[in-house]
Amino acid sequence: MVVTQENVAVNGSRSFSPQEIADALRDRIRTGDLKAGDRLPTQADLAEEFGVERGAVRQALRLLQEAGLLTNVSKGSPPRIAEPPTPLRGEPQPTMVGLAPRLTEAFSAPNVHVDVVCHTAETLMVAIGEPLRQIHEGRLRPESIAVRILVPSREITLAFPVPVEDSGEDDSVHKRWLGMRNAQGQVLQHNLQALRATHGMDVKVTFRALPFTPPVKLYLLNGQEALLGYYMLTRREEEYGAQTLEMYDALGSQSVLFSFLRRTGERDAAFVEQSQLWFDALWETITTDLTLS
């Protein structure tokens, strides 16, 4: 759900989540209210505007920084809006920078097929906003969209994220991950399926659960391109309720994506084909039905 500027309660009548704050600021960047080089308001001003504590604002700014939308992020002064990236085809790029233009090109096909292996749907949820925007503007007109997503099962012991120190009975790190997985997946599913009502498109979005933690993320686009990125683990802190969680985790938005195009040559074509076969085998064998709740 994107919170536009008009939806923001300046008087703090309700509290916004970090994701909603990031979405609102991202929308202002997209519409030109905030331009490249502009400084953001101070954290204090943003906290007052959205009716939240500064910790929520810091988390929102971190999301925008990971997306490559902010520069000069420091404690001394508010960050600036970054210059828009100019991606080059074939050049490895962070997921948040490289995925949106690749998805946009994939959505230019009459029948869109996107298969994804990921840890949560956060990056996909954000990146797919660009082709959806172009669909609503009438610039893209696919007839059908089929999206299949493999994410870890809630029943397994995750390889990551995990607490830095054994927390005994406390599974807050797992609860945080599960809440993110479900919420982001639901938003993604809703935004895509809404195209049925608004544009009469044939849309199908399906999730299945993996019995293991994937060490890589994989995007397969129309059977023609494979985008592969490694989850790089790091030690980090995250606020969760009244706690500060210390965990080993990966920021999927920063994973560098490597592109393999079927038409480039035999080597890339083989990688795309084998990646698709691998995905299909997982989908049809050891994965299980998944309800996002």
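One numbering rule holds for all chains: residues counted from 1, following each sequence as written. Note on the predicted model: pLDDT of at least 70 is required for a residue's local features to be given, and 80 or more for side-chain atom pairs to be given and counted; whole-chain, interface and lining totals, by contrast, use all residues. Calculation of side-chain values draws on the structure's entire complement of heavy atoms; hydrogens and water are dropped beforehand.

1. As for the pattern of salt bridges
- A carboxyl oxygen of Asp or Glu within 4 Å of a side-chain nitrogen of Lys or Arg is what we treat as a salt bridge. Considering all chains together, one arrives at 19 salt bridges under this definition.
- Between glutamate 105 and arginine 102 there is a salt bridge whose closest N-O contact spans 3.0 Å. Of this pair, glutamate 105 and arginine 102 both sit in helix H4 (residues 95-106), separated by 3 residues, roughly a single helical turn.
- On the basis of relative accessibility, which here comes to 16%, the residue arginine 102 falls in the buried class.
- Residues glutamate 238 and arginine 236 are paired through a salt bridge, measuring 2.6 Å at the closest nitrogen-oxygen approach. The exposure classification of glutamate 238 matches that of arginine 236, with both residues buried.
- Within this structure, Arg62, Arg176, Arg236, Glu238 and Asp249 form a network of salt bridges that share partners. Going along the chain from the N terminus, every DSSP run of H or I of four or more residues is numbered as a helix, and every run of E of two or more is numbered as a strand. Burial here depends on accessible area, computed with a 1.4 Å probe over protein chains only, as a share of the maximum for the residue type. Under 20% is buried, over 50% is exposed, and the range in between is partly exposed.

2. Considering helix H2 (residues 43-50)
- Leu46, Ala47, Glu49 and Phe50 are the residues of H2 that are buried. Angular distribution of buried residues about the axis of H2 spans 165°; they occupy a single face of the element.
- Note on H2: the residue one or two positions beyond its end, glycine 51, has a positive phi of about 70°. When we speak of the arc, we mean the arc of directions from the helix axis to the C-beta atoms.

3. A look at the packing of helix H1 (residues 18-31) against H2
- H2 packs onto H1 with a crossing angle of 105° between their chain directions and a minimal axis gap of 12 Å. The angle between H1 and H2 falls in the class roughly perpendicular. In contact with Ile21, Ala24, Leu25 and Arg28 of H1, H2 contributes Leu46, Glu49 and Phe50.
- For this classification, Asp, Glu, Lys and Arg are treated as charged, while Ala, Val, Leu, Ile, Met, Phe, Trp, Tyr, Cys and Pro are nonpolar and the rest, including Gly, are polar. Residue composition of the contact of H1 with H2, grouped by class: 5 nonpolar, no polar and 2 charged. Angles run from 0 to 180 degrees between N-to-C directions of axes, and those axes are lines fitted to C-alpha atoms, restricted for helices to the stretch in contact. Put simply, angles under 35 degrees are roughly parallel, angles over 145 are roughly antiparallel, angles from 65 to 115 are roughly perpendicular, and the rest are oblique. Contact between two residues is taken to exist if any of their heavy atoms lie within 4.5 Å; hydrogens are not considered.

4. Focus: the packing of aromatic side chains
- Any Phe, Tyr or Trp ring, taking Trp's six-membered ring, that has another such ring centre within 6.5 Å forms a pair; planes under 30 degrees apart are called stacked, those over 60 apart edge-to-face, and the others tilted. This model, assessed by the stated rule, comprises 4 aromatic pairs.
- Each ring, one from phenylalanine 260 and one from phenylalanine 271, has its centre 3.9 Å from the other, and the planes form 25°; the classification is stacked. One end of the pair, phenylalanine 260, is in strand S12 (residues 256-261); the other, phenylalanine 271, is in helix H8 (residues 266-284), with 11 residues separating them in the sequence.
- Judged by relative accessible area, which is 14%, phenylalanine 260 ranks as buried.
- In this scheme, the term charge over a ring applies when either NZ of a lysine or CZ of an arginine sits within 6 Å of the ring centre and within 35 degrees of the ring normal. Stacked on the ring of tryptophan 283, the Lys or Arg arginine 148 has its end atom at 5.1 Å from the ring centre.

5. Here we look at the nonpolar core
- Formed by 38 residues in total, the largest nonpolar core has its most connected members in Leu103, Phe107, Ile145, Ile149, Leu188 and Leu192.
- Going through the elements one at a time, H4, strand S4 (111-117), helix H5 (122-127), helix H6 (129-136), strand S5 (144-152), helix H7 (172-199), strand S7 (202-210) and strand S8 (216-221) are the ones with two or more residues in this core.
- Grouped together as the second largest cluster of nonpolar side chains are 20 residues, Leu40, Phe50, Val52 and Ile81 included. The set of buried Ala, Val, Leu, Ile, Met, Phe, Trp, Tyr and Cys residues whose side-chain atoms join them within 4.5 Å is what this entry labels a nonpolar core.

6. Remarks on the pairing of strand S10 (residues 233-240)
- Strand pairing requires that DSSP identify at least two bridges connecting the strands. Two strands pair when backbone bridges link them, and S10 and strand S11 (residues 243-250) are joined in this way by 8 bridges, in the antiparallel orientation. The residue of S11 that forms the bridge with arginine 236 is methionine 247.
- Counted between consecutive antiparallel strands, the loop separating S10 from S11 contains 2 residues, among which glycine 241 sits at a positive phi close to 60°.

7. Focus: H1
- Taking 1.5 Å per residue as the helical rise, H1 with its 14 residues ought to reach 20 Å, and the 20 Å between its terminal C-alpha atoms agrees with that figure.
- The buried fraction of H1 amounts to 10 of the 14 residues, a majority that puts the element mostly inside the structure.
- Of all the positions in H1, only Glu20, Ile21, Ala22, Asp23, Ala24, Leu25, Arg26, Asp27, Arg28 and Ile29 are classed as buried.
- Looking one or two places after H1, you find glycine 32, whose phi comes out positive at around 95°. A helix's residues, less one, multiplied by 1.5 Å, set its expected span.

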